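Chain residues, written in single-letter form:
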Amino acid sequence: MSKERLLKVLLAPHVSEKSAMMADASEQYIFKVVPNATKPEVKQAVESLFDVKVQSVNMINIKGKTKVFKGRVGKRNGLRKAIVRLAPGQEIDFIGAE
């Protein structure tokens, strides 16, 4: 995989209360990824960008909600997330990564 592709796979870290608890308790981090990302691509991207050892990657597809506003039906965009488990003793510091 090219370096350019690996830089485009990860869109942003998913910041929420649940993701913060997962990071503290079990060394798992959640990232928003492009819809066609694969597990090996996400693993290589995280390892190259943050200099850590990835143990496993799980992918989640979240379908967009259908909403009604003033009688008009619309649909929100879907989302693909990757849950990345790091090797024991590893940690990602998002503030120092820039």
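Residues numbered from 1 in each chain as written. Predicted model: local features only at pLDDT ≥ 70, side-chain atom pairs only at ≥ 80, totals over all residues. Heavy atoms only, no water.

**Some remarks on helix H3 (residues 39–50)**
- Relative to the 16 Å expected for 12 residues at 1.5 Å per residue, H3 spans 16 Å between its end C-alpha atoms, a close match to the ideal helical length.
- Where H3 is concerned, the buried positions are Glu 41, Val 42, Ala 45, Val 46 and Phe 50. The arc enclosing the buried residues of H3, seen along the axis, measures out at 125 degrees, which places them on a common side.
- Tucked into the core, H3 has its buried residues touching helix H1 (3–9), strand E1 (10–13), strand E2 (28–33), strand E3 (54–62) and strand E6 (79–86). (Helix = DSSP H or I, 4+ residues; strand = E, 2+ residues; numbered from the N terminus. Expected span 1.5 Å × (residues − 1). Buried < 20%, exposed > 50% of the residue type's maximum accessible area, 1.4 Å probe, protein only. Arc of directions from axis to C-beta. Contact = heavy atoms within 4.5 Å.)

**A closer look at a nonpolar patch on the surface**
- Where nonpolar side chains cluster on the molecular surface, the patch consists of Ile 60, Ile 62 and Leu 79 and spans about 190 Å² of accessible area.
- Tracing the sequence through the fold places Leu 79 in strand E6. (Patch = residues over 30% accessible without salt bridge, like charges linked within 9 Å, V, L, I, M, F, W, Y side chains within 5 Å. Areas by Shrake-Rupley, 256 points an atom, 1.4 Å probe, with all protein chains shown as cover. Salt bridge = Lys/Arg side-chain N within 4 Å of Asp/Glu carboxyl O.)

**Quick look at the pattern of salt bridges**
- This model, assessed by the stated rule, comprises three salt bridges.
- The closest approach of N and O atoms between Lys 8 and Glu 4, which form a salt bridge, is 3.4 Å. On the criterion of helical spacing, the pair formed by Lys 8 and Glu 4 is a turn pair, its members being four residues apart in helix H1.
- Where Glu 47 meets Lys 53, a salt bridge forms, and the shortest distance between an N and an O atom there is 4.0 Å.
- By relative accessible area, which is 23% here, Glu 47 ends up partly exposed.

**A look at the nonpolar core**
- Counting residues in each nonpolar core, the largest one holds 20 residues, and the members touching the most others are Leu 10, Phe 31, Val 42, Val 46, Val 84 and Ile 92.
- At the level of secondary structure, the elements contributing two or more residues to this core comprise H1, E2, H3, E3 and E6.
- Counting residues per element, this core draws most heavily on H3, at four residues.
- Setting aside residues up to four positions removed in sequence, Leu 10 forms contacts with Phe 31, Lys 32, Val 33, Val 42, Ala 45, Val 46, Leu 49 and Phe 50. (Core = buried A, V, L, I, M, F, W, Y, C linked by side-chain atoms within 4.5 Å.)

**Considering the sheet that holds E1**
- Here we have four strands laid out as an open sheet, ordered E1-E2-E6-E3, and antiparallel in their pairing. Both outer strands of the open sheet, E1 and E3, are each paired with one neighbouring strand and no more. Averaged over all adjacent pairs, the angle separating strand axes in this sheet is 30 degrees, with direction ignored.
- In this structure, E1 lies alongside E2, joined through three bridges in antiparallel fashion. Each residue of the ladder has a partner; that of Ala 12, found in E2, is Lys 32.
- Across the sheet, helix H2 (residues 17–26) touches E2 and E6, and the angle it forms with E2 is around 140 degrees.
- The sheet strands contacting H3 are E1, E2, E3 and E6, and the helix crosses E3 at an angle near 125 degrees. (Pairing = 2+ DSSP bridges. Axes fitted to C-alpha atoms, helices over the stretch in contact; angles between N-to-C directions.)

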